[in-house]
Amino acid sequence: QVQLVEPGGGLVQPGGSLKLSCAASGRISIIYTMAWYRTAPGKQRELVATITRSTNRNYADFVKGRFTISRDNAKNTMFLQMNNLQPEDTAVYYCNADISSTGYTLVKYWGQGTQVTVSS
């Protein structure tokens, strides 16, 4: 009933930039906190950044100053601007959102993931 779709991954050279997006669709009453996670090869999934509905932001230390999370509440969309990308940023990036379809029950949804590869 609710889907999170994430276009925007790809291959980029070290020092380059990429912008990810995450669009929520379906039966949505309200979207609360949204977040980006990533899973690097051989590693566990880790939190990259979060943004509340009122746009309070938090970042993992390893992306502070390089990544910017934002959202458009009117369009149910979230973004991740990634600058100065490094090979260690190579991972599958997932969006996550706490969504209520009825105004009462909150459900955590995940996108399908998008591959970001940083390589020369």
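It should be emphasised that the depicted structure is a prediction, and the values quoted were computed from it without experimental measurement.

Peer 1: Any details on unusual backbone geometry? Residues and values, ideally.
Peer 2: Phi is mostly negative for residues that are not glycine, and the peptide bonds are mostly trans. One non-glycine residue, Thr55, adopts positive backbone phi at about 65°. Here Thr55 shows up in the loop between strand 5 (46–51) and strand 6 (57–59). The backbone of Asn84 sits at a positive phi, close to 50°, despite the residue not being glycine. The topology assignment puts Asn84 in the loop between strand 8 (77–82) and strand 9 (91–100). Looking at Asn84, the relative accessible area reads 40%, which means it is partly exposed.

Peer 1: Run through the sheet that holds strand 3 (residues 18–26), naming residues and quoting values.
Peer 2: A sheet is described by the order of its strands in space; here 4 strands give the open sequence 1-3-8-7, paired in antiparallel fashion. Two strands lie at the open edges of the sheet, namely strand 1 (2–5) and strand 7 (67–72), each paired on one side alone. Across this sheet, the average inter-strand angle for adjacent strands is 15°, counted without regard to direction. Relative to strand 3, strand 1 runs antiparallel, the two being bridged by 4 bridges. When the bridges of strand 3 are listed, Val2 appears paired with Gly26.

Peer 1: Which residues make up the state of the cysteines, and what are the values?
Peer 2: Tallying each qualifying case throughout the model produces 1 disulfide. Paired by a disulfide, Cys22 and Cys95 hold their sulfur atoms 2.2 Å apart. One quick way to see it: the torsion about the S-S bond of Cys22 and Cys95 is about 55°, and its sign makes the bridge right-handed. Linking Cys22 in strand 3 with Cys95 in strand 9, this pair joins segments that are 73 residues apart in sequence. Residue classification places Cys22 among the buried positions, given a relative accessible area of 0%. By relative accessible area, which is 0% here, Cys95 ends up buried.

Peer 1: Explain the packing of aromatic side chains to me, and be specific about the residues and the numbers.
Peer 2: Here the structure, examined in full by the defined rule, presents 1 aromatic pair. Geometrically, the ring pair formed by Tyr37 and Trp110 is tilted, given 4.9 Å between the ring centres and 55° between the ring planes. With Tyr37 in strand 4 (residues 30–39) and Trp110 in strand 10 (residues 106–110), the pair connects residues that are 73 residues apart, well separated along the chain. Positioned above the aromatic ring of Tyr94, the side-chain terminus of Arg45 is 3.9 Å from the ring centre. Positioned over the ring face of Trp110 is Arg45, at 4.6 Å from the centre of the ring.

Peer 1: So what's going on with the pairing of strand 7? Which residues, and what values?
Peer 2: Across the two faces of strand 7 the burial differs, with Phe67, Ile69 and Arg71 buried and Thr68, Ser70 and Asp72 not buried at all. Taken together, the 6 bridges between strand 7 and strand 8 define a ladder with antiparallel strand orientation. Across the sheet, the residue bridging to Phe67 is Met82, located in strand 8. From the end of strand 7 to the start of strand 8, which pair antiparallel, there are 4 residues, and Asn76 there has a positive phi angle of about 50°.

The rules we used
- Residues numbered from 1 in each chain as written.
- Predicted model: local features only at pLDDT ≥ 70, side-chain atom pairs only at ≥ 80, totals over all residues.
- Heavy atoms only, no water.
- Helix = DSSP H or I, 4+ residues; strand = E, 2+ residues; numbered from the N terminus.
- Buried < 20%, exposed > 50% of the residue type's maximum accessible area, 1.4 Å probe, protein only.
- Pairing = 2+ DSSP bridges.
- Axes fitted to C-alpha atoms, helices over the stretch in contact; angles between N-to-C directions.
- Disulfide = S-S within 2.5 Å.
- Phe/Tyr/Trp six-rings, centres within 6.5 Å; stacked < 30°, edge-to-face > 60°.
- Lys NZ or Arg CZ within 6 Å of the ring centre and 35° of its normal.

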